Amino acid sequence: MSETKSAQPIGVIAGEVGWPVVSFPGGHAGYASHPVPFATLLARVLEAELS
């Protein structure tokens, strides 16, 4: 996860709910700029949540 101040709240929230923070390739528009790696990671994250 990015260590910028704007990224700190998500780290706190994730810690409170016990979920990991997952950084996706390409930032906010990764689905457009890095579609294959983004989709691959998204599928892995969703699969882990369903298991």
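As a starting point, this report considers the structure included with it. It should be emphasised that the depicted structure is a prediction, and the values quoted were computed from it without experimental measurement.

Focus on the overall build of the chain
In terms of regular secondary structure, the chain is built from three helices and zero strands. For the chain, the α and β elements follow one another from N to C terminus as α-α-α. In terms of overall dimensions, the chain has a C-alpha envelope of 30 × 30 × 10 Å along the principal axes. Taking all 51 residues of the chain together, 8% fall into the buried category. For the chain, the exposed surface amounts to about 4,200 Å²; the carbon and sulfur share of it is 65%.

Section: the packing of aromatic side chains
Taken as a whole and judged by the stated rule, the model has two aromatic pairs. For the ring pair F24 and F38, a centre distance of 5.0 Å and an interplane angle of 45 degrees mean the geometry is tilted. Residue F24 is found in the loop between α1 (8–17) and α2 (30–33), and its partner F38 is found in helix α3 (residues 35–50); the two are separated by 14 residues along the sequence. Among the residues examined, F38 registers a relative accessible area of 17% and is labelled buried. Each ring, one from Y31 and one from F38, has its centre 6.3 Å from the other, and the planes form 75 degrees; the classification is edge-to-face. Taken together, F24, Y31 and F38 form an aromatic cluster joined through their ring pairs.

Quick word on the environment of R44
Structurally, R44 can be placed in helix α3. With 38 residues separating them along the chain, R44 and S6 place their C-alpha atoms 26 Å apart.

Calculation criteria
- Residues numbered from 1 in each chain as written.
- Predicted model: local features only at pLDDT ≥ 70, side-chain atom pairs only at ≥ 80, totals over all residues.
- Heavy atoms only, no water.
- Helix = DSSP H or I, 4+ residues; strand = E, 2+ residues; numbered from the N terminus.
- Buried < 20%, exposed > 50% of the residue type's maximum accessible area, 1.4 Å probe, protein only.
- Areas by Shrake-Rupley, 256 points an atom, 1.4 Å probe, with all protein chains shown as cover.
- Phe/Tyr/Trp six-rings, centres within 6.5 Å; stacked < 30°, edge-to-face > 60°.

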